[in-house]
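Chain by chain, the residues:
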Amino acid sequence: MEGYGSEPKLVLVFSGKRKSGKDYVTDLIQSRLGTDVCCVLRLSGPLKHQYAQDHGLDLEQLLGPGLYKEQYRADMIRWGEARRQQDPGFFCCLATRAARQPVWVVSDARRLSDLQWFWARYPLQTKCVRVQSSECTRAKRGWSFTAGVDDAESECGLDSGVDFDWIISNEGDASSLEQQLQPILTLVQEVLRQQSRQSHQEPRNCAA
């Protein structure tokens, strides 16, 4: 993209429980901004790619919403934790290396180490958003408690101890959700306008 470097102008890091609707919310934000401005980064993408490669599994089904993924989820969590112990930022680095848009939307942060990686590299750009839904709403979307998954760090690691910039309640009310997203979308527009002004103010080299 002309006019933007590879370093983001804004990083929106989303977290939330399974079936809270994180993907729906982040896809909605991207649809509002456009793919030329906003990219959605899924930390689980490179994790699942490497896990599928190491275990001879179907990557497309692991990336999808079906039952195939669920039968491997607990073992995939354990495998991912082992990789993170070796390098806490391993999956964050893989997920962001090809991003070029000015706005990055990270759809699935699960651990404090994920947030710390973005805070350390992009301290001025990073904002954190929590998506919440009641257990009743999540159950209607297909959630049921699974031992070793819903009580693991990947689901509970950000339940406390984080001062989120925004907390979004996603109970299926489109009007309420739209209203809650407005401050985020407003910030995005302000950041892009500021970047545009800075670009126009940069001195141009003149031929001697």
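Residues numbered from 1 in each chain as written. Predicted model: local features only at pLDDT ≥ 70, side-chain atom pairs only at ≥ 80, totals over all residues. Heavy atoms only, no water.

**Topic: the overall build of the protein chain**
When its secondary structure is counted, the protein chain shows 9 helices and 5 strands. The linear arrangement of helices and strands in the protein chain, starting from the amino end, is β-α-β-α-α-α-α-β-α-β-α-α-β-α. Against the compact-globule benchmark of 17 Å for 208 residues, the protein chain has a radius of gyration of 18 Å, which places it among compact chains. Viewed in the frame of its principal axes, the protein chain has a C-alpha envelope of about 70 × 40 × 30 Å. Sorting the 208 residues of the protein chain into buried and exposed places 45% on the buried side. Considering only intrachain contacts with a sequence separation of at least 6, the fraction spanning at least 24 residues in the protein chain is 77%. A total accessible area of about 11,400 Å² is found for the protein chain, and carbon and sulfur atoms account for 48% of it. If you average the places of the 26 positive and of the 27 negative side-chain charges in the protein chain, the two averages end up 1 Å apart. (Helix = DSSP H or I, 4+ residues; strand = E, 2+ residues; numbered from the N terminus. Rg over C-alpha atoms; globule rule 2.2 N^0.38 Å. Buried < 20%, exposed > 50% of the residue type's maximum accessible area, 1.4 Å probe, protein only. Contact = heavy atoms within 4.5 Å. Areas by Shrake-Rupley, 256 points an atom, 1.4 Å probe, with all protein chains shown as cover. Lys, Arg positive; Asp, Glu negative; His and termini not counted. Charge placed at Lys NZ, Arg CZ, Asp CG, Glu CD.)

**Some words on the nonpolar core**
Within the largest apolar cluster, 23 residues are counted, with the highest numbers of intra-cluster contacts made by Phe-14, Ile-29 and Leu-181. Top contributing element to this core by residue count: helix 9 (residues 174-201), with 8 residues. With residues near it in sequence (within four places) discarded, Phe-14 still touches Val-25, Thr-26, Ile-29, Val-105, Val-106, Ser-107, Asp-108, Ala-109, Val-129, Val-131 and Ile-168. Residues Trp-117, Phe-118, Leu-158 and Phe-164 belong to the second largest nonpolar core, which totals 19 residues. (Core = buried A, V, L, I, M, F, W, Y, C linked by side-chain atoms within 4.5 Å.)

**Here's the deal with helix 9**
The terminal C-alpha atoms of helix 9 lie 40 Å apart, and with 28 residues this matches the ideal 40 Å at 1.5 Å per residue to within 8%. Taken as a whole, helix 9 has its buried residues at Leu-177, Leu-181, Ile-184, Leu-185, Leu-187, Val-188, Val-191, Leu-192 and Gln-195. Those residues of helix 9 hidden inside the fold are in contact with strand 1 (10-16), helix 1 (22-33), strand 3 (103-106), strand 4 (126-132) and strand 5 (166-169). The residue sitting at the N-terminus of helix 9 and contributing the capping side-chain oxygen is Asp-173; that oxygen lies 3.1 Å from the backbone nitrogen of Ser-175. (Expected span 1.5 Å × (residues − 1). Polar contact = N/O pair within 3.5 Å; in protein donor to acceptor, adjacent residues only side chain to side chain.)

**Looking at unusual backbone geometry**
One non-glycine residue, Lys-19, lies in positive phi territory at about 65°. As for its placement among the helices and strands, Lys-19 is situated in the loop between strand 1 and helix 1. Looking at Lys-19, the relative accessible area reads 35%, which means it is partly exposed.

**So, the packing of helix 1 against helix 9**
As a packed pair, helix 1 and helix 9 sit with axes 11 Å apart at the nearest point and diverge in direction by 50°. Here helix 1 lies oblique to helix 9, going by the angle between them. The handedness of the crossing between helix 1 and helix 9 is right-handed. In this structure, helix 1 uses Tyr-24, Val-25, Leu-28, Ile-29, Arg-32 and Leu-33 to contact helix 9, whose residues at the interface are Leu-177, Glu-178, Leu-181, Ile-184, Leu-185, Val-188 and Gln-189. (Axes fitted to C-alpha atoms, helices over the stretch in contact; angles between N-to-C directions. Parallel < 35°, antiparallel > 145°, perpendicular 65-115°, else oblique. Left-handed = near helix turned anticlockwise from the far one by under 90°.)

**A few points about the pattern of salt bridges**
This model, assessed by the stated rule, comprises 11 salt bridges. Among the salt bridges present, the one from Arg-18 reaches Asp-150, with a minimum N-O distance of 2.6 Å. Taken together, the positions of Arg-18 in the loop between strand 1 and helix 1 and Asp-150 in the loop between helix 7 (135-140) and helix 8 (153-156) put the pair 132 residues apart, joining distant regions of the chain. Taking relative accessible area as the criterion, Arg-18 reaches 9% and is therefore assigned buried. Beyond isolated ion pairs, a larger network of salt bridges with shared partners links Arg-18, Glu-70, Arg-73 and Asp-150. (Salt bridge = Lys/Arg side-chain N within 4 Å of Asp/Glu carboxyl O.)

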